[in-house]
Amino acid sequence: MLLLFRDRAGLAMLFVMPMALILIMTLLQDSTFKILEEKQMSVLVLNYDADTFGINIVEGLKQSSVFDVVERLDGKAFDENAMKQQLMLGNYRIGIVIRKNATTALKNKIRLGIQAQFPVEEGPIFDLDSTDASDTANVKLYFDPITQSVFRQNIISALHEFSAAVEAKILFGIYADLFNDMLDIQLKPTQKLKNLVVFEQEYASTAINKIVPNAVQHNVPAWTIFAMFFIVIPLAGNLIKERQSGVAMRLKTMPGSEQAVVFGKGVVYFVVGILQAIFMLLIGFYVLPLFGMYSLKIDSHTLPALALIIIATSMAATGYGIVIGTIATSQEQSSIFGSISVVILAALGGVWVPTFMMSEFMVTVSKLSPLNWGLNGFYDIFLRNANITEVLPYAASLTIFFLLCLLISRFYTKFK
Amino acid sequence: MAEQSFIEITGLTKWYKNTTVAAVDQLNLNIDEGEIFGLLGPNGAGKTTTLSILCNQIPFSGGDISINGFSLKRNAMELKKIIGVVPQEIALYDKLTAFENLRFFGNLYGLKGNFLKSRIADCMVNFGLEGKLNKKIDTFSGGMKRRVNLIAGILHKPRILFLDEPTVGIDVQSKTVIIDYLKELNKEGTTILYTSHHMDEAEHFCTRIAIIDQGKIIAKGAPSEMIKLQKGCESLEDIFLHLTGRKLRD
């Protein structure tokens, strides 16, 4: 313990670095997470169609809570080139151009579709309105190249939804006219031709307080686990230094089990890991709100589960440090391999990029990382208010990893 | 029935992995209680390997060792309590103070409380290190480190002390303090087995020596008698060169 306390750089790495990481990464990612959660997406809109389609699409976008419709820049109207310029500059992510006569073109398409249902010998039943023949697309979308596919899909889905409603409205109008002309039946206009299917949304949580994931709930546990695993560097370095200085050999000649000495050392680092976790979580509870971010919240009944995950993660990190310290032959080797491997395991485990942003393949790969097991345990506690039984699989995986590390160290030492 | 020696080494053999020559080859040696025994030899002769085996640091491939009637293989734990080891390296935590190092090693030998404190203080005075108790090891000179390194091996007053080149790389003053203290310790009953490259030191310090080369003992006896018996040799160094040759060793 004394050795660890004398190693100021090591202590700074274990406590100050993760604290800085939590603050910086949470501040950096806060806006991104808010976009994912609730923040409106600004969309440049040019509506050249002053008819049903254009008006309804713009209204639909405006009424949606997801989009912030921008039709004027600095109080001035803009054209398609100015729109492209704004996207290229990265000021906006998405631009929508609704073509002139888009409504007329849409009506013509619908009428042609209906006409095709009648026998040819009946002759034309509609007079098609004149329109620009080049108007094959009613709407053109411009994207900033760095726009994430999730945002692209978001706007396309919204436009499909709004246009489907307009199509239905136009279709109903045409059929109404047709019924009137052919059968002399007057159909009443209806406003209820959209949202016929009702979707109910609910978070899959049994808790009363339904918590939406945010930057704090991701970053605090993620960097806490990362910091706990960084214990590998001082622990492994210490073991190697002991070997290189001859202290390990001296210890072998002394009464008492060699394993007891390693165990004693492991216990110190295990406790430090727990202290790290408590310290980092306190930052999430009390410091981050001072920077205008959410506060980490936890229900008191989940505290045993939190304690279990912290203990299991600290054990896994200690085990990993022991195995690296046993196998590495120099301090340089252990610090380089230790830090790089922790960074890789962190990246795979969803510390840098949360797993819900990963591809399906990478999500599968992420399950191989012990940092992912710990992170999922924390997620379950902070997002689902999981109890001790629910986080048990993660704790068990981390404990097995710890035991495996000890076994490898033992066999490696014996083999050597 | 012949009386058993304090340390009995019979047919000791040590093979390292992936080597074609034994580091220690069928070595036989008896050391009596109260002796100061020197194990001398050129680089790579097998001295440190033999000492490491006796200290329980590394396993051996063949043969048998008994110390004070206990088999090293079967009674390692009991033997660890009566031996003291002073390795060639400065086997100390350099970020800890001398006191913190000695307290840690003393605790491992089962020493505790005021007894340990006063024992540490006595040893520090005996080795001219009074006032340095609370200084970190990394601030010490080479000679001071070596003296603390020795204290760590004798805190528990061992019955047998194994020393691997305890005076290497230090000034004459430090060497004299160490040798004088070891002689005192020996007078109090501690059996000493040590390795060295300093022939002159071994000649005057040891009651008996063995010259070892290529894992085998090639000569042993009291230094003065060996010098007397070997024609043309006036010192232990002459005998050493005569027996091991002048060819450089790796």
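Residue numbering note: each chain is counted from 1, following its sequence as written. Labels are handed out in written order, letters beginning with A for the chains and numbers beginning with 1 for the ligands. Whole-chain, interface and lining totals are the exception, using all residues; otherwise, since this is a predicted model, local features are given only for residues with pLDDT of at least 70 and side-chain atom pairs are given and counted only at 80 or more.

### Here's the deal with the overall build of chain B
Argument step 1. Looking only at helices and strands, chain B has nine helices and 10 strands in total.
Argument step 2. By residue count, 43% of the 250 residues in chain B fall in the buried class.
Argument step 3. Across chain B, the fraction of contacts at a sequence separation of at least 24, relative to all contacts at a separation of at least 6, is 70%. Secondary structure elements follow DSSP: runs of H or I no shorter than four residues count as helices, runs of E no shorter than two count as strands, and numbering proceeds from the N terminus. Labels follow a simple rule on C-beta atoms placed from the backbone: if 20 or more others lie within 10 Å of a residue's own, it is buried; if 12 or fewer, it is exposed; otherwise it is partly exposed. Contact criterion: two residues are in contact if their C-beta atoms, reconstructed from the backbone, are within 7 Å.

### Re unusual backbone geometry
Residue and element names in this part refer to chain B.
Argument step 1. The phi torsion at N18 lies on the positive side, around 60°, for a residue other than glycine.
Argument step 2. Residue placement: N18 occurs in the loop between β1 (7-14) and β2 (24-31).
Argument step 3. Its identity is not glycine, yet Q26 carries a phi of approximately 50°, on the positive side.
Argument step 4. Its place among the elements puts Q26 in strand β2.

### Regarding the environment of V287 of chain A
Argument step 1. Examined against the element boundaries, V287 of chain A turns out to sit in helix α10 (residues 258-287).
Argument step 2. Spatially, the C-alpha atoms of V287 of chain A and L23 of chain A are 8.7 Å apart, while their sequence positions differ by 264 residues.

### Some points on the interface of chain A and chain B
Argument step 1. Each side of the interface is counted separately: chain A has 14 residues, and chain B has 20 residues.
Argument step 2. Mapped onto the side of chain A that touches chain B, the elements with two or more residues apiece are α1 (2-6) and α9 (247-252) of chain A.
Argument step 3. A total of four residues in the side of chain A that touches chain B trace back to one element, the largest contributor, which is α9 of chain A.
Argument step 4. For the side of chain A that touches chain B, the per-class residue count stands at six nonpolar, four polar and four charged. Residue polarity follows a fixed list, in which Ala, Val, Leu, Ile, Met, Phe, Trp, Tyr, Cys and Pro are nonpolar, Asp, Glu, Lys and Arg are charged, and the others, Gly among them, are polar.

### Focus on the confidence of the model for chain A
Argument step 1. Here pLDDT means the predictor's own confidence in every residue, given as a number from 0 to 100. Per-residue confidence for chain A averages 82 on the pLDDT scale, and 87% of its residues sit at or above 70.
Argument step 2. Under a pLDDT of 50 for its full length, residues 205-212 of chain A has, in the predicted model, 10 contacts with residues more than four places off or in other chains.

### Overview of the sheet that holds strand β6 (residues 83-86) of chain B
All names here are of chain B.
Argument step 1. Strand pairing is defined by DSSP finding a minimum of two bridges between the two strands. The six strands are arranged β6-β7-β8-β3-β9-β10 in an open sheet whose pairing can be described as mixed. Strands with a single pairing partner mark the edges of an open sheet, and in this sheet they are β6 and β10 (216-221). For this sheet, the mean inter-axis angle between neighbouring strands, taken without regard to orientation, is 15°.
Argument step 2. Helix axes are fitted only over the stretch in contact, all axes being lines through C-alpha atoms; the angle between N-to-C directions runs from 0 to 180 degrees. Docked against the sheet, helix α5 (residues 142-154) engages β6 and β7 (160-164), running at close to 165° with respect to β6.

### What to know about the packing of helix α7 (residues 215-229) of chain A against helix α11 (residues 303-327) of chain A
All names here are of chain A.
Argument step 1. With their axes 8 Å apart at the nearest point, α7 and α11 run at an angle of 35° to one another. Of α11, the residues touching α7 (which contributes I225, M228 and F229) are T313, S314, A317 and Y320.
Argument step 2. Across the contact of α7 with α11, the residue classes break down as five nonpolar, two polar and no charged.

### Section: the sheet that holds strand β3 (residues 94-98) of chain A
Residue and element names in this part refer to chain A.
Argument step 1. Here four strands make up an open sheet; going across it, the order is β2-β1-β3-β4 and the pairing mixed. Because the sheet does not close on itself, it has two edges, and the strands there are β2 (67-70) and β4 (139-143). Across this sheet, the average inter-strand angle for adjacent strands is 25°, counted without regard to direction.
Argument step 2. Here five bridges tie strand β1 (residues 41-47) to β3, and the two strands are oriented parallel to one another. Across the sheet, L46 pairs through a bridge with V97, a residue of β3.
Argument step 3. Contacts between helix α3 (residues 52-63) and the sheet are confined to β1, β2 and β3, with β1 contributing the most and set at about 165° to the helix.
Argument step 4. Packed onto the sheet, helix α4 (residues 80-88) meets β1, β3 and β4 and runs at close to 165° relative to β1.

### Concerning the pairing of β3 of chain A
Along any regular strand, the residues point their side chains to alternate faces of the sheet.
Argument step 1. By the criterion of burial, β3 of chain A is predominantly enclosed, with five of the five residues buried.
Argument step 2. Side chains of β3 of chain A alternate between two faces, with I94, I96 and I98 of chain A and G95 and V97 of chain A buried alike.

### A closer look at α11 of chain A
Argument step 1. With 25 residues, α11 of chain A should cover 36 Å at 1.5 Å per step; its first-to-last C-alpha distance of 36 Å lies within 8% of that length.
Argument step 2. Across the 25 residues of α11 of chain A, 20 count as buried, placing the element largely inside the fold. Expected helix span is taken as 1.5 Å per residue step, with the number of steps being one fewer than the number of residues.

### What to know about the nonpolar core
Residue and element names in this part refer to chain B.
Argument step 1. Core analysis: the largest hydrophobic core is formed by 74 residues, its most contacted members being V148, I151, L155, L161, F162, I192 and L193.
Argument step 2. Top element by residues in this core is α5. It accounts for six residues.
Argument step 3. Beyond its immediate stretch of four places on either side in the chain, F162 contacts L51, L54, C55, I83, V85 and L193. Note on terminology: a nonpolar core is a set of buried residues of type Ala, Val, Leu, Ile, Met, Phe, Trp, Tyr or Cys, with members joined through C-beta atoms within 7 Å.

### Looking at the confidence of the model for chain B
Argument step 1. For chain B, mean pLDDT is 88; residues scoring 70 or higher make up 97% of the total.
Argument step 2. With a pTM of 0.67, the predicted complex shows an ipTM of 0.86.

### Details of the packing of α5 of chain B against helix α6 (residues 172-187) of chain B
Residue and element names in this part refer to chain B.
Argument step 1. At a closest axis distance of 10 Å, the pairing of α5 and α6 adopts a crossing angle of 15°. Taken together, the axes of α5 and α6 are roughly parallel relative to one another. Taken as a pair, α5 and α6 cross one another with a handedness that is right-handed. Judged by residue contacts, G143, R146, R147, L150 and I154 of α5 engage S174, V177, I178 and L185 from α6.
Argument step 2. Here the contact of α5 with α6 is composed, by residue class, of five nonpolar, two polar and two charged. Orientation categories follow fixed angle ranges, with anything under 35 degrees roughly parallel, anything over 145 roughly antiparallel, 65 to 115 roughly perpendicular, and all other angles oblique. Should the near helix be turned anticlockwise from the far one by less than a right angle, the crossing is termed left-handed; should it be turned clockwise, right-handed.

### Looking at helix α1 (residues 47-54) of chain B
All names here are of chain B.
Argument step 1. With eight of eight residues buried, α1 is to be regarded as a mostly interior element.
Argument step 2. Within the span of α1, buried status applies to K47, T48, T49, T50, L51, S52, I53 and L54.
Argument step 3. N56 occupies a position one or two residues after α1 and carries a positive phi of about 75°.

### Re the pairing of β1 of chain A
Argument step 1. Counting buried positions along β1 of chain A gives five out of seven residues, so the element sits mostly inside the fold.
Argument step 2. Handedness of a crossover is defined as follows: orient the strands so they point away from the viewer, and if the path from the first strand over the helix to the second runs clockwise, the crossover is right-handed. This β-α-β element, β1 of chain A to α3 of chain A to β2 of chain A, shows right-handed connectivity.

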